[in-house]
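# Descriptive analysis of the structure
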Amino acid sequence: MDLESCPAVLLGPVFKVLAEPNRLRILCALGTECRPVTDIIHATALPQTNVSFHLRILREAGLVRAERRGAFIYYCLPDPELLEILQSLQLWVTSHVPSPNLLNREDPNNEYVSLTERRANSCG
């Protein structure tokens, strides 16, 4: 396998973008429809500047596309399959990551705690 096709090289930058919980919330709020920024703000309860900042990063990463419709810009997933992938990943995490009750919540190196606590902001 050459370096270009290595999963870490291909997926690492995408997972880095998706590691920010607010970006996942925005992707899930978009669903399968194109939405204006005001709809995304209402769906996520994030401030406008925060939503715009994250949309720019998602757009640059190719995870959303922007469409101008008159005076408004609508944001869409580039492919509805992305939402299905996120939902599948959520199901996998839910069934394979240890229960938060079994984890040491005091351990600052415990990455599972923050991940499981974010399940409330799901795509499903």
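As a starting point, this report considers the structure included with it. (Residues numbered from 1 in each chain as written. Predicted model: local features only at pLDDT ≥ 70, side-chain atom pairs only at ≥ 80, totals over all residues. Heavy atoms only, no water.)

### Re a nonpolar patch on the surface
Judged by side-chain polarity, L10, L11, F15, L89 and W92 come together as a nonpolar surface patch covering roughly 500 Å² of accessible area. For the nonpolar patch, the elements supplying multiple residues, two or more each, are α1 (7-18) and α5 (81-96). Ranked by the residues each element gives to the nonpolar patch, the list is headed by α1, at three residues. With respect to the helices and strands, L11 occurs in helix α1. (Patch = residues over 30% accessible without salt bridge, like charges linked within 9 Å, V, L, I, M, F, W, Y side chains within 5 Å. Areas by Shrake-Rupley, 256 points an atom, 1.4 Å probe, with all protein chains shown as cover. Salt bridge = Lys/Arg side-chain N within 4 Å of Asp/Glu carboxyl O. Helix = DSSP H or I, 4+ residues; strand = E, 2+ residues; numbered from the N terminus.)

### Here's the deal with the layout of surface pockets
Of the pockets and cavities examined, the second largest pocket occupies roughly 160 Å³. Contributing elements (two or more residues each) for the lining of the second largest pocket: α1 and α5. Grouping the amino acids of the lining of the second largest pocket by side-chain chemistry returns eight nonpolar, no polar and no charged. (1 Å grid on protein atoms, 1.4 Å probe; cavity = no way out; pocket = protein on both sides within 12 Å on 5 of 7 lines; lining within 4 Å. Points joined across faces, edges and corners; volume = space filled by probe spheres on them. Nonpolar A, V, L, I, M, F, W, Y, C, P; charged D, E, K, R; others polar.)

### Here we look at the state of the cysteines
The final tally for this structure, using the stated rule, is one disulfide. Here C34 engages in a disulfide with C76; their sulfurs sit 1.7 Å apart. In this structure, the disulfide formed by C34 and C76 twists by about 115° around the S-S bond and is classed as right-handed. With C34 in the loop between α2 (21-30) and β1 (35-36) and C76 in strand β3 (residues 72-76), the pair connects residues that are 42 residues apart, well separated along the chain. Of the two residues examined, C34 and C76, each falls in the buried class. (Disulfide = S-S within 2.5 Å. Buried < 20%, exposed > 50% of the residue type's maximum accessible area, 1.4 Å probe, protein only.)

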